[in-house]
Amino acid sequence: YPQWRLETWCREYDVQPDALIIDAEGAGLDVLEGCGGLLDAVKLVYCEVQHPPMQPGMRPAEMVDQFMLARGFTKHAGKPSYSVGVQSNYTYVRP
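## Some points on unusual backbone geometry
Thought 1: The amide bond that connects K79 to the next residue, P80, takes the cis arrangement and shows omega of 15°.
Thought 2: By the secondary structure assignment, P80 is in the loop between β3 (74-76) and β4 (82-84).
Thought 3: Backbone geometry at D14 places phi at a positive 55°, although glycine is not the residue there.
Thought 4: Its place among the elements puts D14 in the loop between α1 (6-12) and β1 (19-22).
Thought 5: Residue D14 is classed as exposed on the basis of its relative accessible area, which comes to 61%.
Thought 6: The phi torsion at E25 lies on the positive side, around 50°, for a residue other than glycine.
Thought 7: The residue E25 is located in the loop between β1 and α2 (28-33) in this model.

About the thresholds
All residue numbers refer to positions counted from 1 along the written sequence of the respective chain. A pLDDT threshold of at least 70 governs which residues receive local features in this predicted model, and a stricter bar of 80 or more applies before side-chain atom pairs are shown or counted, although totals over entire chains, interfaces and linings include all residues. No hydrogens and no water enter the side-chain calculation; it runs on all heavy atoms of the structure. Secondary structure elements follow DSSP: runs of H or I of four or more residues count as helices, runs of E of two or more count as strands, with numbering from the N terminus. For every residue, the accessible area (1.4 Å probe, protein chains only) is compared with the maximum for its type, and the residue is labelled buried under 20%, exposed over 50%, or partly exposed between those bounds.

It is worth stressing that arrangement in space is one thing and function is another; only the former is reported here.
Here it is in structure tokens:
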């Protein structure tokens, strides 16, 4: 199957999301990086993160935090965010 950047797929199908839910088995940051300018309009991102990386190439939760905070999001500490062992699901919101 061909791989597309999320931004390209949304443009192709005229999709303008307000929120993203990302569960990519440790590749959440890769997906976020593939969003390009799409993140400028999104108000909420719910993303699975790993700590520590469970496989080579996975980037830890701290790197996802840095990426999102640099783009104007804040990490929401309340539900539905949660942490369990080596995996968490974090909610990032744009104030």
